[in-house]
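Letter by letter, the chains look like this.
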Amino acid sequence: MTDHTTASPLVEVIRGDFIESVHFGHAVVADASGQVIAAWGDPDAIILPRSSCKMIQALPLIESGAADALGLTAEHLALSCASHQGAEIHRARVSRWLGDLGMSDDDLRCGPQIPNDATERHRLRDAGEHACQLHNNCSGKHSGFLSLKSHIGGNAEYVEPSHPVQIAVCAAFEEMTGETSPGYGIDGCSAPNFACSIAGLARAAARMAQPSGLGASREQAAERLVAAMMAHPELVAGEGRACTALMRALPGVAAVKTGAEGVFVGILPGKGWGIAVKISDGATRAAELAISALLVQAGVADPADPEIARYLSPRVLNRRDIDTGYMRRHAGFAAELL
């Protein structure tokens, strides 16, 4: 797994005149040929990509013919890549999707989750209802898995590593990363999460950005998934989330996706580049800053844009909303990309 001794300082937290904390990690920018354009830390460090790779996991949904056979739209595809807030716009769409499959919450294997969306959380409280699996941030991905299962077959336990769904997911993941996965961990949603190097994850993102040469089926699948993410950023995450905010600030320019434990991926179709970030201590705040810094240095994001600046140089406020400091990229990280 990740060797934290090879990580580089990526993000600093400043309080007053002092560097209070430093987040170390690994970051790679790659092109679709697999060439590493820039790297910090160890590009060969093995990581679990967590939810950052959902668009790769969704490739078989389209390549198998399931998406077209079931009439799935761009909204369905965006949800298949999502780590959503469990808001009404997410829950209701997933519920309808399952209904169209002749399925329900009972068919999901992701587990219930109290929604992160405050409005939906309060609605459940006021109605005396409990959160269900539809609220799980991965319910869209799992609806994609169930759609694939309905098309290619297999038993109800579609999250088992030996299930045809996960065999297809693993094959797509290994082909896109260009690596044989050394193994997997079980994700928070109970599905296997296949390991790869940080460079492999960046390579896969670059191939999603520029899939030419991967075969007509994969090219179309990658293009449709990336386009769906960029067209529906509110479905990929939700209000107040970095994925949604950054994609709204970069319409049609970048698709970005967070993962648990400090992972973030960027897909840049115009450049054919992929970006992968892993923060060693798992801090989301550092991963959000790091991906923003790399988007700026890649020349696709304006640091003066308020939404970019919000993640690029966030302020540190105390409980009285007094400005006590800020976060910044470490001087040795992403100063020059080209």
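What this report covers is the structure whose coordinates are included nearby. Sequence order as written defines residue numbering, which begins from 1 separately in each chain. At least 70 in pLDDT is required for a residue's local features to be given in this predicted model, at least 80 for side-chain atom pairs to be given and counted, and no such filter applies to totals for whole chains, interfaces and linings, which use all residues. To obtain the side-chain values, all non-hydrogen atoms of the structure were included, while hydrogens and water were left out.

What about the layout of surface pockets?
Over the atoms, a rolled probe matching the size of one water molecule traces out where space is still vacant. For the largest pocket, the calculated volume is near 330 Å³. The way it works is a 1 Å grid over only the protein atoms, where trapped points that fit a 1.4 Å probe form a cavity and open points with protein on both sides within 12 Å along at least five of seven lines form a pocket, and then any residue with an atom within 4 Å of a point lines it. Lining the largest pocket are 22 residues, with Ser51, Ser83, Asn137, Arg241 and Ala260 sitting closest to its centre. The set of elements that each furnish at least two residues to the lining of the largest pocket consists of α12 (242-249), β8 (255-259) and α13 (284-297). Polar here means any residue outside two lists: the nonpolar Ala, Val, Leu, Ile, Met, Phe, Trp, Tyr, Cys and Pro, and the charged Asp, Glu, Lys and Arg; Gly therefore counts as polar. Partitioning the lining of the largest pocket into residue classes produces six nonpolar, twelve polar and four charged. Grid points are joined across faces, edges and corners, and a volume is the space filled by probe spheres set on the points. Helix numbering and strand numbering both begin at the N terminus, where a helix is a DSSP run of H or I of at least 4 residues and a strand a DSSP run of E of at least 2.

Observations concerning the packing of helix α8 (residues 164-177) against helix α9 (residues 198-209)
Simply put, an axis is a line fit to the C-alpha atoms, just over the touching stretch for a helix, and the angle between two N-to-C directions goes from 0 to 180 degrees. Look at α8 against α9: their axes get within 7 Å of each other, and the N-to-C directions meet at 95 degrees. What the angle tells us is that α8 and α9 run roughly perpendicular. Here Glu175, Met176 and Thr177 of α8 come into contact with α9, specifically with Gly200, Leu201, Arg203, Ala204, Arg207 and Met208. Taken together, the residues that form the contact of α8 with α9 break down as four nonpolar, two polar and three charged. Orientation labels follow simple angle bins: below 35 degrees gives roughly parallel, above 145 gives roughly antiparallel, 65 to 115 gives roughly perpendicular, and whatever is left gives oblique. Should any heavy atoms of two residues lie within 4.5 Å, those residues are considered in contact.

Quick word on the environment of Ala199
If you trace the backbone, Ala199 turns up in helix α9. With sequence-adjacent residues up to four places away left out, Ala199 is seen in contact with Val28, Val36 and Pro43.

Some details on the pairing of strand β1 (residues 8-15)
Along a regular strand, successive side chains alternate from one face of the sheet to the other. Both β1 and strand β2 (residues 18-31) contribute to a ladder of seven bridges, which runs antiparallel. Considered in β2, the bridge of Arg15 is made with Phe18. Here a strand pair is declared whenever DSSP counts at least two bridges between the two strands. In sequence, β1 turns back onto β2 through a hairpin of two residues, with Gly16 there showing a positive phi of about 65 degrees. As paired strands, β1 and strand β12 (residues 323-329) are joined by five bridges and run antiparallel to one another. Among the inter-strand pairings, Val13 is bridged to a residue of β12, identified as Met327.

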